Amino acid sequence: MSPRTDQPVLAGKPARLRAPSRLRPLLDFLRQRLGLLLLWPAIGLLGGLLLWSYVLTDLENDRRARQAELERQVDAYSRSYAIRVRRSVADTDRLLLLLRHNWMVSGRHLDLAGTIEAGIFSRQYIAGAGLVDRKGVVLTSSHPDAVGWNFGDKPYFTEQQRSGGDHLYVSAPLEGRLSHREVIAFSRPLLSPRGAFDGIVLVSVFPAFFTQHYAEPLLGRQGFAAVTGRDGVVRACRHGDVEHTAEVPFLLKPFRPVVVQGVARLEGRPWFTDGRARVVGWQPIPGIGLTALVGVDEYTAMAPYRNHRETALNGAWWNTAWLTLAALLATSFYVHAKWKRHQLDTIRATYRLATEDAGEGFFIHRPLRDRHGVARDFEILDCNNHGAKMFSREPGQIIGRRLSDFFDGQIFEDIRAWLSEALEAGRFEREIEVRPRPGQLLHASWVHYKAVRAGEDLAVTIRDISESKAHLSELERRSNSDELTGLPNRYWIQQYLPRAIDRARADGHALAVLFIDLDGFKTVNDVLGHAAGDELLRTVGKRLTLAVRPNDHVVRLGGDEFVVVLDHVGGAADVEHVAGRVLAAFHDGFHLQHATHVLNASIGISMFPEHGDDAETLLKNADIAMYAVKTEGKGNYCFFQSRFFEAIRIRLETEVELRRALEQQQFVVHYQPRVDLLEGKASSMEALVRWERPGQGLTGPDHFIPLLEETGLIVQLGEQVLDSVCRQLVHWARQGEPLVPVSVNVSPRQFGQSDILALFRAAIQRHGIDPSLLEIELTESSMMQEGIGESAVFHQLRELGIKLCLDDFGTGYSSLSQLQKLHFDVLKIDRAFVLRIEHPEGDTLIASMIAMAHALGMRVVAEGVENPRQMQLLKSLGCDEGQGFFFSRPVPPGARQPLGVHIPQPAHAAP
């Protein structure tokens, strides 16, 4: 029975022991940390004390700073006011001198009557002017009633009579006998031919004359401006918009400062009638014994400080409340966090397993501190397999070791600093470049390094990001570099130039931007093709890099536009030197497709800070300057000038007018016949567009065609011209007379931006005309543009019945093989060659052109025929047709085709 009786006792005893074992850790935890329960309340109290100390100190510093700033402003206001008063006094003194001079040169017979009514003197500020003889009797005055009065007892007379010299006297406020208002008198002596006192010249002004420069935006409605004399008596005073007099003063006592000039705070009641304290600044006005005073109302000026103080105190009270709440919450969280600390090891093991499959190295570091609490080294408590492999180790070779066992020198100090920062801040995270060095253990070029404090330890993860960094680096390089030339691109300069301007502004040095555009690049690109154009741009980029200074930057914006950024330039001479080197880089020509092609460059220059203080303005102004070079002959450089805006404005206005002209059908077509030289009659005619500009008459195509080409409006104009020609042909056809074809000029942009074939087909069908009555003229240079000459549309237009004319032959780059391939019907020799036909070399050149064209089955038209001698020579060389003023000027359309031309007989031709 005894085992049975003992069993309950033995079973119950462990039950009584288990309950205390669960409570003991918590009780021990609280017993050991009862003192720390007060930590966060103490920190909150300390934070509150520091907060209030900071707020009150900051408010006091702010008050002093605002007071000092107010005094500086008042000092500046008083200086400005003194300068303006001195100028006004000087102007009045010059008026006295002028009156005295006029008195002397007029033989002492000057009459001032009516001068105020005539506006010679300002009614607002001048009370009167006059001349007084040596006895004090008024000789002449702007107020005729005052003539004969005696002013011999007035201080402005007696002072001049007593002084015996020639000086300006300014009186105290006086009662004006005529104006019955308070005035201030200015006087200078009249001197006899022997230099003796002979009277005075007098100008009296109202006190507002001295306070006219009162600046209410600066002084406010409670400020004041005044002028006092040596005796401290106020001569004039203005408070807000109120002018005060000696009878109704604003300052309650004379102002006699201890120092000549300065700033002081004046209490309200002893000094001012409104009892408001003011900060007053005063400055002397040399030579005339006056002092200029300016006062700013202290209460109004310090209003921002009072608002700031109220806001700061409210914020401090709120922050105190938040600190108290935070201290209570922190105490609660602290106990809870400490109680949960035992879970750290379990969490650490779980995280270690999770990171094995995440491709991250995971480590637990424990700081090893010296006696001062500074972490001098770190022990590696744990490590996953991936982390060990990153250092070519096994976990067993790392766990339990110190960081100093694997790293030394600067890299160890860097890692220790990162981990110490994580211990202090709770977290450290950064992307770190791993630079190759002897003994480098980490096999990566870039890593993502993250250290998070976990209690007293640090959880560290390392991820290899070398591939992603290399990819980003390549993307950044591509985004900042021009793919064709390898130079920095537009995006790069948008990032670099603002920073360069900030550096130049901080260092106080100049910076220049050169905007470079290639002259003739489009022609080379069109004639030789894009591949040759690309090679040319690469060569230009290399030459520009060699032409500039080593620290300058060459940028390709796009197309044939380049920019050079010159840092640290001493002045315009340095910029001109570099610009000259850039232009010289183009002198040798460029070897392209077995030939040398000569190009120039136009350079516009803007400088910081003269021509702009931001990147956008500098680039825009350099572009405008480059445009000015283009319009004035190209192949040069030019600094930005504000007048260039006028040219841009005219261009923009012209563009707006052209758009309106297209909308309102202001363009008209004139016709010039082409004459068969053998038969002597018109065989065709050319449609020539004119602009019937409102208020300016007819404007020739040279004034608007280039801008239409540049803006693309030429396409719309081409459609209008074609429609007008077809409509006119229909009108002429109704007269029942035979018609000759009309040629229409077609821009190369119409080939690139519209369907020419569809355009002509639609016009022919819409108007119902014979396609043979239409011809297309295309210039030689535009015809040679890549893709146009090879276009199938040429063949389709010919099949439609439309003839093709090659215009301005001799000015482009066409070759015999190209002419054979294009199958033109008519070749028109440029007028420049016709002008030289009377010279032997011109005769020979035209003869070869005619022979070549006939060999290719083309008729030849000579443009610009102006006299019978040219016509006879062309006829003798076998030229088929002629066109020019000799036969007919372009004429507006009439009821019938203008086919009548007058060709003088050879016997009447000029010798």
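Residues numbered from 1 in each chain as written. Predicted model: local features only at pLDDT ≥ 70, side-chain atom pairs only at ≥ 80, totals over all residues. Heavy atoms only, no water.

Draft legend 1. How the structure looks around the overall build of the protein. The secondary structure content of the protein amounts to 29 helices and 33 strands. Residues counted as buried form 45% of the 911 residues belonging to the protein. The long-range fraction of contacts in the protein, counting pairs at least 24 apart against all pairs at least 6 apart in sequence, stands at 60%. Of the accessible surface of the protein, which amounts to about 47700 Å², a share of 54% is contributed by carbon and sulfur atoms. (Helix = DSSP H or I, 4+ residues; strand = E, 2+ residues; numbered from the N terminus. Buried < 20%, exposed > 50% of the residue type's maximum accessible area, 1.4 Å probe, protein only. Contact = heavy atoms within 4.5 Å. Areas by Shrake-Rupley, 256 points an atom, 1.4 Å probe, with all protein chains shown as cover.)

Draft legend 2. The arrangement of the packing of helix α23 (residues 756-767) against helix α25 (residues 793-800) in detail. Running from N to C, α23 and α25 cross one another at 15 degrees; their axes reach a closest spacing of 10 Å. The orientation of α23 relative to α25 falls into the category roughly parallel. Judged by the twist between their axes, the crossing of α23 over α25 is right-handed. Contacts from Ile 756, Leu 757, Phe 760, Arg 761 and Ile 764 of α23 reach α25 at Val 793, Gln 796, Leu 797 and Leu 800. A breakdown of the residues in the contact of α23 with α25 according to their chemical character gives 7 nonpolar, 1 polar and 1 charged. (Axes fitted to C-alpha atoms, helices over the stretch in contact; angles between N-to-C directions. Parallel < 35°, antiparallel > 145°, perpendicular 65-115°, else oblique. Left-handed = near helix turned anticlockwise from the far one by under 90°. Nonpolar A, V, L, I, M, F, W, Y, C, P; charged D, E, K, R; others polar.)

Draft legend 3. Layout of the sheet that holds strand β24 (residues 637-639). If you walk across this open sheet you meet the 5 strands as β19-β20-β18-β23-β24, and the pairing is mixed. Each having just a single partner strand, β19 (553-558) and β24 make up the two edges of the open sheet. For this sheet, the mean inter-axis angle between neighbouring strands, taken without regard to orientation, is 20 degrees. Pairing of strand β18 (residues 510-519) with strand β20 (residues 561-569) involves 7 bridges; the strand directions are antiparallel. Its bridge partner being in β20, Ala 512 is matched across the sheet by Leu 566. Along the sheet face, helix α17 (residues 572-584) touches β18, β20, β23 (600-608) and β24 and points at about 160 degrees away from the line of β23. (Pairing = 2+ DSSP bridges.)

Draft legend 4. Spatial organisation of the pairing of strand β25 (residues 667-676). With 9 of its 10 residues buried, β25 lies for the most part within the structure. Two elements, β25 and strand β26 (residues 681-693), share 10 bridges in a ladder whose sense is antiparallel. Residue pairing across strands places His 670 opposite Leu 688, the latter belonging to β26. Relative to strand β33 (residues 881-883), β25 runs antiparallel, the two sharing 2 bridges. Along β33, the bridge assignment pairs Val 675 with Gly 882.

Draft legend 5. Structural detail: the sheet that holds strand β11 (residues 278-285). Spatial strand order, β9-β8-β7-β12-β11-β10: 6 strands in an open sheet with antiparallel pairing. The open sheet has two free edges, formed respectively by β9 (242-244) and β10 (262-266), since each of these has just one partner strand. Averaged over neighbouring strand pairs, the angle between their axes works out to 20 degrees when direction is ignored. Strand direction decides the pairing type here: strand β7 (residues 224-228) and strand β12 (residues 290-297), joined by 5 bridges, are antiparallel. When the sheet's bridge partners are listed, Thr 228 is paired in β12 with Thr 291. Packed on one face of the sheet, helix α2 (residues 39-105) meets β7, β10, β11 and β12 and runs near 35 degrees to β11.

Draft legend 6. How the structure looks around the packing of helix α18 (residues 615-631) against helix α19 (residues 644-663). At a minimum axis distance of 10 Å, the contact between α18 and α19 shows a crossing angle of 75 degrees. Relative to α19, α18 is oriented roughly perpendicular. Touching Lys 620, Asn 621, Ile 624, Ala 625, Tyr 627 and Ala 628 of α18 are Phe 644, Phe 645, Ile 648 and Arg 651, all from α19. In the contact of α18 with α19, the residues fall into 7 nonpolar, 1 polar and 2 charged.

Draft legend 7. Structural detail: a nonpolar patch on the surface. A surface patch of nonpolar side chains, about 620 Å² in accessible area, is lined by Trp 318, Trp 322, Leu 325, Leu 329 and Phe 333. Secondary-structure assignment places Leu 325 in helix α8 (residues 303-339). (Patch = residues over 30% accessible without salt bridge, like charges linked within 9 Å, V, L, I, M, F, W, Y side chains within 5 Å. Salt bridge = Lys/Arg side-chain N within 4 Å of Asp/Glu carboxyl O.)

Draft legend 8. Seen up close, the packing of aromatic side chains. On inspection of all chains with the given rule, the structure shows 24 aromatic pairs. Judged by centre distance (5.4 Å) and plane angle (35 degrees), the ring pair of Phe 250 and Phe 272 falls under tilted. Here Phe 250 is found in the loop between β9 and β10, whereas its partner Phe 272 is found in the loop between α6 (268-271) and β11, with 22 residues between them in sequence. Taken as a pair, Phe 250 and Phe 272 share a single burial class, namely buried. Aromatic pair Phe 586 and Phe 590: ring centres 5.8 Å apart, planes at 65 degrees, arrangement edge-to-face. The exposure classification of Phe 586 matches that of Phe 590, with both residues buried. A cation over a ring is seen here: Lys 253 above Trp 271, with NZ or CZ 4.5 Å from the ring centre. A cation over an aromatic ring shows up here: Arg 889 above the ring of Phe 885, its NZ or CZ 4.1 Å from the ring centre. (Phe/Tyr/Trp six-rings, centres within 6.5 Å; stacked < 30°, edge-to-face > 60°. Lys NZ or Arg CZ within 6 Å of the ring centre and 35° of its normal.)

Draft legend 9. Molecular detail of the confidence of the model for the protein. Scored by pLDDT, the protein has a mean of 84; 88% of the residues are at 70 or more. Here helix α1 (residues 2-32) stands out as the least confident element of the protein, with mean pLDDT 49; strand β28 (residues 742-745) is the most confident, with 96. Note that residues 906-911 has pLDDT below 50 and, in this model, 3 contacts with residues that lie over four places away or in other chains. (pLDDT = per-residue confidence, 0-100.)

Draft legend 10. Looking closely at the environment of Glu 424. Mapped onto the fold, Glu 424 is located in helix α12 (residues 409-425). Classification of Glu 424 by relative accessible area gives exposed; the value is 69%. With 29 residues separating them along the chain, Glu 424 and Arg 453 place their C-alpha atoms 8.6 Å apart.

Draft legend 11. Representation of the pattern of salt bridges in the model. This structure, assessed with the given rule, holds 46 salt bridges. With a closest N to O distance of 3.5 Å, Glu 863 and Lys 828 form a salt bridge. Of this pair, Glu 863 sits in strand β32 (residues 859-863) while Lys 828 is found in strand β31 (residues 826-829), placing the two residues 35 residues apart along the sequence. The pair Glu 863 / Lys 828 is uniform in exposure class, with both members buried.

Draft legend 12. Focus on the side chain of Gln 160. Tracing the chain through its elements places Gln 160 in helix α3 (residues 155-163). In this structure Gln 160 comes out as buried when scored by relative accessible area, which is 0%. Not counting residues up to four positions away in its chain, the partners in contact with Gln 160 are Gly 165, His 167, Leu 168, Tyr 169, Ser 187, Arg 188, Pro 189, Phe 197 and Ile 200.

Draft legend 13. Layout of the pairing of β18. Counting buried residues in β18 gives 10 out of 10 residues, a clear majority hidden from the surface. Bridging between β18 and β23 involves 9 bridges; their strand directions are antiparallel. Note that in β23 the partner of Ile 516 across the bridge is Ile 603.

Draft legend 14. Summary view of the nonpolar core. Counting residues in hydrophobic clusters, the biggest one holds 71 residues, and the most contacted among them are Phe 667, Leu 717, Val 725, Phe 760, Leu 774, Leu 797 and Leu 874. The biggest single contributor to this core is helix α21 (residues 714-733), with 10 residues. Beyond its immediate stretch of four places on either side in the chain, Val 725 contacts Val 669, Tyr 671, Ala 687, Val 742, Val 744 and Leu 774. (Core = buried A, V, L, I, M, F, W, Y, C linked by side-chain atoms within 4.5 Å.)

Draft legend 15. Representation of unusual backbone geometry within the structure. Here the bond from Phe 608 into Pro 609 is cis, since omega is 5 degrees, no more than 30 degrees from zero. Examined against the element boundaries, Pro 609 turns out to sit in the loop between β23 and α18. For His 568, which is not a glycine, the phi torsion comes out positive at approximately 50 degrees. Within the secondary structure, His 568 is located in strand β20.

Draft legend 16. Structural detail: the environment of Val 730. Its location among the elements puts Val 730 in helix α21. Sequence separation of Val 730 and Asp 770 is 40 residues, and the distance between their C-alpha atoms is 9.7 Å. Look past the residues within four positions of Val 730 in its chain and what remains in contact with it is His 767 and Ile 769.

Draft legend 17. Quick peek at the environment of Gly 520. As for its placement among the helices and strands, Gly 520 is situated in the loop between β18 and α15 (521-528). According to the relative accessible area criterion, Gly 520 is partly exposed, its value standing at 36%.

Draft legend 18. Up close: α18. Taking 1.5 Å of rise per residue, the 17 residues of α18 would be expected to cover 24 Å, and the 25 Å separating its terminal C-alpha atoms lies within 8% of that figure. Turning to α18, its buried residues are Ala 615, Leu 618, Asn 621, Ala 622, Ile 624, Ala 625, Met 626, Ala 628, Val 629 and Lys 630. Looking at the packing, one finds that the buried side of α18 touches α14 (490-507), β18, β23, β24 and α19. Gly 633, located one to two residues past α18, shows a positive phi value of around 125 degrees. (Expected span 1.5 Å × (residues − 1).)

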